[in-house]
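For reference, the chains in residue letters:
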Amino acid sequence: MTSLSSDLLAPLDLAFWNIETAEHPMHLGALGVFEAEGPGAARHAYELLATRAAGVPGLRMRIAEVLVPVGGAARVPAPDFDPLDHVWMAGAVDDFHAVAGALMERPLDRGRPPWEAHVLPAADGASFAVLFKFHHALADGLRALTLAAGVMDPMDLPAARAPKDAPAPRRGLRLPFPGLRDITLGDLDPRRYPDHVRALADSATQAVSIGGSVARATWGVRTSPALASKPSGTRSTAGVRLDLDDVHRIRKTAGGTVNDVLIAVVAGAVRRWLDERGDGSEGVEPRALVPVSRRRPRTAHPQGNRLSGYLVRLPVGEPDPVERLRVVRAAMDRRKDAGPSRGAGAVALLADHVPPLGLRLGGGLVGRGARLLFDLLVTSVPLPSLGLRLGGCPLTEVYPLAPLAQGQSLAVAVSTYCGQVHYGIVADADAVPDLDVLARAVTEEVAALHAVCAP
């Protein structure tokens, strides 16, 4: 056990570390597809990854318990770090996503730095893929991108902007716990509790009935059993590639943001999927959690998760694709006006106010509680507009893969890269044996919107 560290896990990182189970591992992933530049490209990529990983400090960090604060944990260097424990080479692969799904099922080794990279050579030799897996306690989406970029080929980047002056520090007495965020005595005054704590209390009142059962009727939620699953531990993944120009044409006609369009596409795809499998979509309005990054430069936890989120009802029951987009746009506008510290977003913020021991002891309860708050995750992952390479091989596709919360069957992550949109869909394989239908529905929904908005 480590007694002191300058890199304690941020509260939300610690929560992710503690809610993990064998059936619901809390790692995120990214499946990158590369164009093979000649024979042996995949083997060369494997060797480069193993060599470069040794020089990326963040990849050498494991998670260890600490003495202070009680129940806490920290990122500490692994003295016996060996890149070959983390970088793997597969045999010839016919379907990158089929293999990625099987690999996403496997929890990361919690005794080692919690990350892996799997090189998947295509059977035809024309391409290869790399599946990166990072535990959410080690990295959020932005940090994972930074770590992955550390093993890519060097590239010329634009000059960094001059940093702004740091804000003046708050005045007050500090609690003498090394590595903890600064706390003033004023922070401990209950009259100054932030709004999101009060909002969480309001949400909790809505969420739980007298007997402790879920008062779903309080929200008026109308969802589908297809979006819920018993813990099976199985995973399947699918990827959909779209033209970003098509999305921009839809946005210019219908209004809103690119993100509004991408979320509305998920709503339409779920509708088509439910109808095709015979479950029916009429009146269905599942709740989607849309994460929002709250990270700021020079925070106390620069590598930690700083997330909140918007809770948005997806108008799956609406038959008109343009009206679905309008409803999503209006809902997102309302959530943005209220801010991410209201409603479901307050749950992530609450981690900042729970002692580490509470996060450890209550991890299982928190994990099971995700199903009470939302039905599926729809998240966006930022990627650089510049093309990346590995061993001289260009990265042509990037499919982000989100963790699947306990009791849920679907998680959707979206990225834009080099003029393309990539949907990465993770599903419980037992609950969603027809993931290919949902993936096809994404393409059909974009085509339907494009036909109306940009004929």
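Structure's up top.
Numbering of residues starts from 1 in each chain and follows the order in which that chain's sequence is written. Per-residue local features of the predicted model are confined to residues with pLDDT of at least 70, and side-chain atom pairs are confined, for both listing and counting, to 80 or more; whole-chain, interface and lining totals are unaffected and use all residues. The side-chain values count all of the structure's non-hydrogen atoms but skip hydrogen atoms and water molecules.

In terms of helices and strands, the protein carries twelve helices and 14 strands. Note on classification: 1.4 Å probe, protein chains only; a residue is buried when its accessible area is under 20% of the maximum for its type, exposed when over 50%, partly exposed between these limits. With 455 residues in all, the protein has 51% of them scored as buried. Any two residues having at least one pair of non-hydrogen atoms within 4.5 Å are treated as being in contact. For the protein, the proportion of contacts with a sequence separation of at least 24, taken over those separated by at least 6, is 77%. All accessibility values rest on the Shrake-Rupley procedure with a 1.4 Å probe; residue burial counts only the protein chains present in the view. Accessible surface for the protein amounts to roughly 20,900 Å². Of this, 56% is attributable to carbon and sulfur atoms. Runs of E in the DSSP output that reach at least two residues are strands. Runs of H or I that reach at least four are helices, and both are numbered from the N terminus.

Judged by how many residues are buried, strand 13 (residues 410–417) sits mostly within the fold: seven of eight residues are covered. In this analysis, strands are considered paired if DSSP registers two or more bridges between them. For strand 10 (residues 376–381) and strand 13, the ladder comprises five bridges, and the chain directions are parallel. Its bridge partner being in strand 13, Ser-380 is matched across the sheet by Val-414. In terms of strand pairing, strand 13 meets strand 14 (residues 420–427) through eight bridges, oriented antiparallel. What sits directly across from Val-412, in strand 14, is Ile-425. Counted along the chain from strand 13 to the antiparallel partner strand 14, the turn is two residues long, and its residue Cys-418 has a positive phi close to 50 degrees.

Another point: helix 6 (residues 244–254). Turning to helix 6, its buried residues number three or more, namely Leu-244, Val-247 and Ile-250. The arc that holds the buried residues of helix 6, viewed along the axis, is 120 degrees, so those residues lie on one side. Opposite its buried face, helix 6 presents the exposed residues Lys-252 and Thr-253, each directed more than 90 degrees away. Pairs of N or O atoms within 3.5 Å make up the polar contacts considered here, provided that, within protein, one atom can donate a hydrogen while the other can accept it, and that residues adjacent in sequence are counted only when both atoms are side-chain atoms. For helix 6, the capping residue at the N-terminal end is Asp-243, with a side-chain oxygen 2.9 Å from the backbone nitrogen of Asp-245. Once helix 6 finishes, Gly-255 follows within two positions and takes phi at roughly 85 degrees, a positive value. It is the directions from the helix axis to the C-beta atoms whose arc is reported.

Our focus in this paragraph is the pairing of strand 3 (residues 73–77). The buried fraction of strand 3 is high, at four of five residues. Alignment of strand 2 (residues 61–65) against strand 3, held across five bridges, turns out to be antiparallel. Considered in strand 3, the bridge of Arg-62 is made with Val-76.

Angles run from 0 to 180 degrees between N-to-C directions of axes, and those axes are lines fitted to C-alpha atoms, restricted for helices to the stretch in contact. Between helix 7 (residues 258–276) and helix 12 (residues 435–453), the shortest axis-to-axis distance is 8 Å and the interhelical angle comes to 125 degrees. On the basis of their axis angle, the class for helix 7 and helix 12 is oblique. When the axes of helix 7 and helix 12 are compared, the crossing they make is right-handed. Along its contact with helix 7, which presents Ala-264, Val-265, Gly-268, Ala-269, Val-270, Arg-272, Trp-273 and Glu-276, the element helix 12 presents Val-437, Leu-438, Arg-440, Ala-441, Val-442, Glu-444, Glu-445, Val-446, Ala-448 and Leu-449. Classification convention: Asp, Glu, Lys, Arg as charged; Ala, Val, Leu, Ile, Met, Phe, Trp, Tyr, Cys, Pro as nonpolar; all other residues, Gly among them, as polar. Tallied by class, the residues present in the contact of helix 7 with helix 12 amount to twelve nonpolar, one polar and five charged. For this classification, under 35 degrees means roughly parallel, over 145 means roughly antiparallel, 65 to 115 means roughly perpendicular, and everything else is oblique. Crossings are sorted by hand: turned counterclockwise from the far helix by less than a right angle, the near helix makes the crossing left-handed, and turned clockwise it makes it right-handed.

Pairing in this open sheet of six strands is mixed, and the strands run 4-5-6-1-12-11 from one edge to the other. This sheet does not close on itself; its edge strands, each paired only once, are strand 4 (87–89) and strand 11 (389–390). As judged from the three bridges shared by strand 4 and strand 5 (residues 115–121), these two strands associate in the parallel manner. Among the inter-strand pairings, Met-89 is bridged to a residue of strand 5, identified as Val-119. Strands strand 4, strand 5, strand 6 (127–135), strand 11 and strand 12 (393–401) of the sheet are contacted by helix 2 (residues 41–53), whose axis makes an angle of about 165 degrees with strand 4.

It is worth spelling out the side chain of Ser-415 at this point. Take Ser-415: it is sitting in strand 13. Exposure remark for Ser-415: the relative accessible area of 2% places this residue in the buried category. Side-chain polar atoms of Ser-415 contact the backbone oxygen of Val-398, separated by 3.1 Å. Once you skip the residues sitting within four places of it in the chain, Ser-415 turns out to touch Val-381, Leu-383, Val-398, Pro-400, Gln-420, Val-421 and His-422.

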